[in-house]
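Secondary and tertiary structure notes
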Amino acid sequence: MTSQLQAQDLDSHNSAPLYKQIYTLLRSRIETGVFAFNSKLPAEETLAVELGVSRITVKRAMNELAASGFVKRFRGRGTIVSYSNRTPPVLGNFSTSMEHLRRLGFETEIELKFLDIVPVNIDVATELGILPGTEVQYVERVRHLENAPFSHIRNYTPLDVASKIDDAEIAYRPFTELLAGAGHEVESAEQTIQARSVSGAVAQALMLAEGAAVLTIRRVLRDANKKAVQFTISNYRADRYQYHMVIENADVKSGSD
């Protein structure tokens, strides 16, 4: 497989180093779909010959692509494109979080990775308002949009709520619907958002390089009685998820950093 790149694509007078120029060229072709999602990029040796550079230079460019979440590198398989130019970014919105969650369930496909009854640690127990060591239903799922993974989700549900949910439906229905069907329709949510890096099974599920950045949302869902009916930790690919907020009647006199 050729890269459709040539030595003339590189500019020796450019202040950017060669590896960064190669990174930019390959990223552009991935973003425009020349190299499609889940396709294999040319080997480092092939790119080095076509571009007239060292393999070390190409390797550094490939590593940059992996760190940015555009490719996933597999020993023995090569470099696979993990970015889909067909996948639109999903917009999250705190002011309409419940409607967004419902919409999200219909617009994505769910892959069930794990389901079991487990005791919770102090972190999860605090969020759910229960004692550490209490058993809950633990579910691990990956959401796909346009056949590309964009979120890894861990759900912790108290057993008195989970017992009313059909396990078979967890593989394809959004939890907001399942909770409502169990008599605990979600009325409010409290969440925390932070940037983190991922590794291990989560990075692999999202087709990201070790240490790649994600947007992590920790969310507690409550029913009409203010009972915590689920605690969720979701890791979103940074190139697949944007968080949008509109702030009105802000005190402009106070300023901001």
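Before reading further, recall that the structure is shown in the block above.
Here is what the cut-offs are and how they apply
- Residues numbered from 1 in each chain as written.
- Predicted model: local features only at pLDDT ≥ 70, side-chain atom pairs only at ≥ 80, totals over all residues.
- Heavy atoms only, no water.
- Helix = DSSP H or I, 4+ residues; strand = E, 2+ residues; numbered from the N terminus.
- Buried < 20%, exposed > 50% of the residue type's maximum accessible area, 1.4 Å probe, protein only.
- Contact = heavy atoms within 4.5 Å.
- Areas by Shrake-Rupley, 256 points an atom, 1.4 Å probe, with all protein chains shown as cover.
- Lys, Arg positive; Asp, Glu negative; His and termini not counted.
- Salt bridge = Lys/Arg side-chain N within 4 Å of Asp/Glu carboxyl O.
- Polar contact = N/O pair within 3.5 Å; in protein donor to acceptor, adjacent residues only side chain to side chain.
- Axes fitted to C-alpha atoms, helices over the stretch in contact; angles between N-to-C directions.
- Parallel < 35°, antiparallel > 145°, perpendicular 65-115°, else oblique.
- Left-handed = near helix turned anticlockwise from the far one by under 90°.
- Expected span 1.5 Å × (residues − 1).
- Phe/Tyr/Trp six-rings, centres within 6.5 Å; stacked < 30°, edge-to-face > 60°.
- Lys NZ or Arg CZ within 6 Å of the ring centre and 35° of its normal.
- Pairing = 2+ DSSP bridges.

**Some words on the overall build of the protein**
The secondary structure content of the protein amounts to eight helices and 10 strands. Taking all 257 residues of the protein together, the buried fraction comes to 44%. In the protein, the proportion of contacts linking residues at least 24 apart, taken out of those at least 6 apart, comes to 62%. For the protein, the exposed surface amounts to about 13500 Å²; the carbon and sulfur share of it is 50%.

**Let's talk about the side chain of Glu 140**
As for its placement among the helices and strands, Glu 140 is situated in strand β5 (residues 135-145). Despite its burial, Glu 140 pairs with no opposite charge; the closest candidate is Arg 154, at 6.2 Å N-O. Polar contacts involving the side chain of Glu 140 include one to the side chain of Tyr 138, which spans 3.0 Å.

**Digging into the packing of helix α1 (residues 18-31) against helix α3 (residues 55-67)**
Running from amino to carboxyl end, α1 crosses α3 at an angle of 50°, the nearest separation of the two axes being 8 Å. It follows that α1 is oblique to α3 by the angle criterion. Of the two possible hands of crossing, α1 and α3 adopt the one that is right-handed. Contacts from Leu 18, Tyr 19, Lys 20, Ile 22, Tyr 23, Leu 26, Arg 27 and Ile 30 in α1 reach Thr 57, Val 58, Arg 60, Ala 61, Met 62, Glu 64 and Leu 65 in α3.

**Things to note about α3**
When the terminal C-alpha atoms of α3 are compared, their 18 Å separation across 13 residues agrees well with the 18 Å that a helix rising 1.5 Å per residue should span. On its buried side, α3 packs onto α1, α2 (44-51), β1 (71-74) and β2 (78-81). Looking one or two residues beyond α3, the residue adopting positive phi is Gly 69, at roughly 85°.

**Looking at the packing of aromatic side chains**
Applying the stated criterion across every chain, the model contains four aromatic pairs. Where Phe 114 meets Tyr 138, the ring centres are 5.8 Å apart and the plane angle is 55°; that geometry is what we call tilted. Within this pair, whereas Phe 114 is found in strand β4 (residues 109-119), its partner Tyr 138 is found in strand β5, the two being separated by 24 residues in sequence. On the basis of relative accessible area, Phe 114 is assigned to the partly exposed category, the value being 37%. Overall, Tyr 138 belongs to the buried group, its relative accessible area being 11%. The structure contains a cluster of three or more aromatic residues connected by ring pairs, namely Phe 114, Tyr 138, Tyr 156 and Phe 231. Between the NZ or CZ atom of Arg 60 and the centre of the ring of Tyr 19, over which it lies, the distance is 3.8 Å.

**Quick notes on the side chain of Ser 234**
Structurally, Ser 234 is set in strand β9 (residues 228-237). Its relative accessible area of 2% is what places Ser 234 among the buried residues. In this structure Ser 234 touches His 152, Ile 153, Leu 215, Thr 216 and Ile 217, once residues within four positions along its chain are discounted.

**Some thoughts on the environment of Phe 74**
By secondary structure assignment, the location of Phe 74 is in strand β1. Looking at Phe 74, the relative accessible area reads 23%, which means it is partly exposed. Separated by 135 residues in the primary sequence, Phe 74 and Ala 209 have C-alpha atoms spaced 9.9 Å apart.

**Some thoughts on the pattern of salt bridges**
Going through the model one piece at a time under the given rule, you end up with 11 salt bridges. Residues Glu 169 and Arg 173 are paired through a salt bridge, measuring 2.9 Å at the closest nitrogen-oxygen approach. Salt bridges sharing partners connect three or more residues here, namely Glu 44, Glu 45, Arg 55 and Arg 73.

**Details of the sheet that holds β5**
In space, the six strands of this open sheet follow the order β4-β5-β6-β9-β8-β7, with antiparallel pairing throughout. In this open sheet, the two strands that pair with only one neighbour each are β4 and β7 (188-197). When strand polarity is set aside, the average angle formed by the axes of neighbouring strands in this sheet is 15°. Sheet topology places β4 next to β5; 10 bridges connect them, and they run antiparallel. Note that in β5 the partner of Leu 112 across the bridge is Arg 141.

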